[in-house]
Amino acid sequence: MGKVLSRRGMLSGGVASGLLALGACSAAEPQPPGTPPVPKTGMHLVPLGTKGGPTLRSDRSNPANALIVDGVVYVVDCGMGVSRQLVLAGLELSAVRAVFITHHHSDHNLEFGNLLNAAWNANLTHRIGFHAPPGMKDMLAGYLAMNRFDIDLRIADQGLPDPRGLAEAREFTGDGEVYRDDLVRVTAARNNHPPVTESYALRFDTRYGSVVFSGDTTPFDAVVRLAQGADWLVHEVLHLPSLDKLLAAQPTETRLKEHLLASHTTNEQVANVALEAKVRNLVLTHLVSFGPVTDAEWERSCRGAWRGPLVVAADLRQVF
């Protein structure tokens, strides 16, 4: 029988160098592609997830955005993967001050609790406010109750602070101001996303400018009014040409097109929203397509009469 090497023997001999050469014992994984470091001053937008809908794909993560103002992170929507996307974007989880959920579809709220949990395990010491339509209080209480065993164990075993004192659910309904601190003022306007009635667009006003997130909606007057004169309009969009191809191949989906057109903005409509709102820049996100669509095709099909700057958002690619 051959001699069995101890771990110490392996590391002291040539085996360790061979493993290191193969990367098996590398101390740090290479950084994945992402955005450059986000400056600690100014206002910056990093899309964390730019795919619409709850299904998972490898090319785009589910809906989420990070707006960073003077190093403080504000998260808009919490689709699956938001916590890891924040890390990949180079943002500190403990820098998240407030989370905003536009409506309670799973692709927008599914990972709010895991974001809290991840921040709690990453040196969170301040309270995070979770701002959302009604239902947020029950969701937060349910998440904390579901994870009570792990929470209590880590408090006792690791000396962590109690996360139940680091999270607060704040519900809003109707139009008007929903949040204000020393860096941002956030105003909500009910949008049009049936059958969800408590669905909102959100406007962030800062000393550096204004950003409006449409949420999921058809073209809607209240959203246009909210976005009037904004520096940036971050708007959802549905790619109609790929939907028509899908329906031609699946004739049994008799109500799918009717449903989607009743609750989303198409590539033929989104430019008019930007024009009516007189915004300075248009950012396309929550991209709903049926099959692969290139950025060039998104831009071509969405531009319409819009002649201003148009950005097709990509995961982790800083917009400004």
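Residues numbered from 1 in each chain as written. Predicted model: local features only at pLDDT ≥ 70, side-chain atom pairs only at ≥ 80, totals over all residues. Heavy atoms only, no water.

### Notes on the packing of aromatic side chains
Phase 1 of the analysis: In total, this model carries 8 aromatic pairs according to the counting rule given.
Phase 2 of the analysis: Between the aromatic rings of Phe204 and Phe213, the centroid separation amounts to 5.6 Å while the plane-to-plane angle is 85°, which identifies the pairing as edge-to-face. Each of the two residues, Phe204 as well as Phe213, counts as buried.
Phase 3 of the analysis: Judged by centre distance (4.3 Å) and plane angle (25°), the ring pair of Trp232 and Phe320 falls under stacked. Linking Trp232 in strand β11 (residues 232–238) with Phe320 in the segment after β13 (310–312), this pair joins segments that are 88 residues apart in sequence.
Phase 4 of the analysis: With a relative accessible area of 14%, Trp232 lands in the buried category.
Phase 5 of the analysis: Note on Phe320: relative accessible area 16%, which makes it buried. (Phe/Tyr/Trp six-rings, centres within 6.5 Å; stacked < 30°, edge-to-face > 60°. Buried < 20%, exposed > 50% of the residue type's maximum accessible area, 1.4 Å probe, protein only. Helix = DSSP H or I, 4+ residues; strand = E, 2+ residues; numbered from the N terminus.)

### Some thoughts on the pattern of salt bridges
Pairing between side chains of opposite charge can happen when their charged atoms approach one another.
Phase 1 of the analysis: Scanning all chains against the criterion turns up 18 salt bridges.
Phase 2 of the analysis: Notably, a salt bridge pairs Glu177 with Arg185, separated by 2.7 Å at the nearest N-O pair.
Phase 3 of the analysis: When its relative accessible area of 40% is taken as the criterion, Glu177 is described as partly exposed.
Phase 4 of the analysis: Classification of Arg185 as partly exposed rests on a relative accessible area of 31%.
Phase 5 of the analysis: The salt bridge involving Glu297 is made with Arg300; its shortest N-O contact spans 3.0 Å. With Glu297 and Arg300 both in helix α12 (residues 295–303), this residue pair falls 3 residues apart, about one helical turn.
Phase 6 of the analysis: What emerges from the salt-bridge pattern is a single network uniting Arg60, Asp295 and Arg317. (Salt bridge = Lys/Arg side-chain N within 4 Å of Asp/Glu carboxyl O.)

### A word on helix α6 (residues 136–146)
Phase 1 of the analysis: Among all positions of α6, only Met136, Leu140, Tyr143 and Leu144 are buried. Down the axis, α6 shows its buried residues gathered within 95° of arc, on one side only. For α6, the exposed residues set more than 90 degrees away from the buried face come down to Asp138, Ala145 and Met146. (Arc of directions from axis to C-beta.)

### Some remarks on the nonpolar core
Nonpolar side chains in soluble globular proteins generally cluster together in the buried interior.
Phase 1 of the analysis: Core analysis: the largest hydrophobic core is formed by 37 residues, its most contacted members being Leu48, Val75, Leu86 and Val99.
Phase 2 of the analysis: Here this core takes 5 residues from helix α5 (residues 112–120), the largest share from any one element.
Phase 3 of the analysis: When sequence neighbours within four positions are dropped, the list of residues in contact with Val75 reads Asn65, Val82, Leu86, Val96, Ala98, Val99, Phe100 and Leu115.
Phase 4 of the analysis: Ala98, Phe204, Val234 and Val283 belong to the second-largest nonpolar core, a separate cluster that totals 27 residues. (Core = buried A, V, L, I, M, F, W, Y, C linked by side-chain atoms within 4.5 Å. Contact = heavy atoms within 4.5 Å.)

### Here's the deal with the pairing of strand β10 (residues 209–213)
Phase 1 of the analysis: Counting buried positions over the 5 residues of β10 gives 5, a clear majority of the element.
Phase 2 of the analysis: Here β10 shows a buried face lined by Gly209, Val211 and Phe213 and a second buried face lined by Ser210 and Val212.
Phase 3 of the analysis: Sheet analysis places strand β9 (residues 200–206) next to β10, joined by 5 bridges and oriented antiparallel. Directly across from Asp205, in β10, lies its bridge partner Ser210.
Phase 4 of the analysis: Once β9 ends, the chain turns through 2 residues before running back antiparallel as β10.
Phase 5 of the analysis: Two elements, β10 and β11, share 3 bridges in a ladder whose sense is parallel. Paired with Val212 across the two strands is Leu233, which belongs to β11.
Phase 6 of the analysis: Taking the sense of rotation as the criterion, the β-α-β connection linking β10, helix α8 (residues 221–226) and β11 turns out right-handed. (Pairing = 2+ DSSP bridges. Right-handed = clockwise from strand over helix to strand, strands pointing away.)

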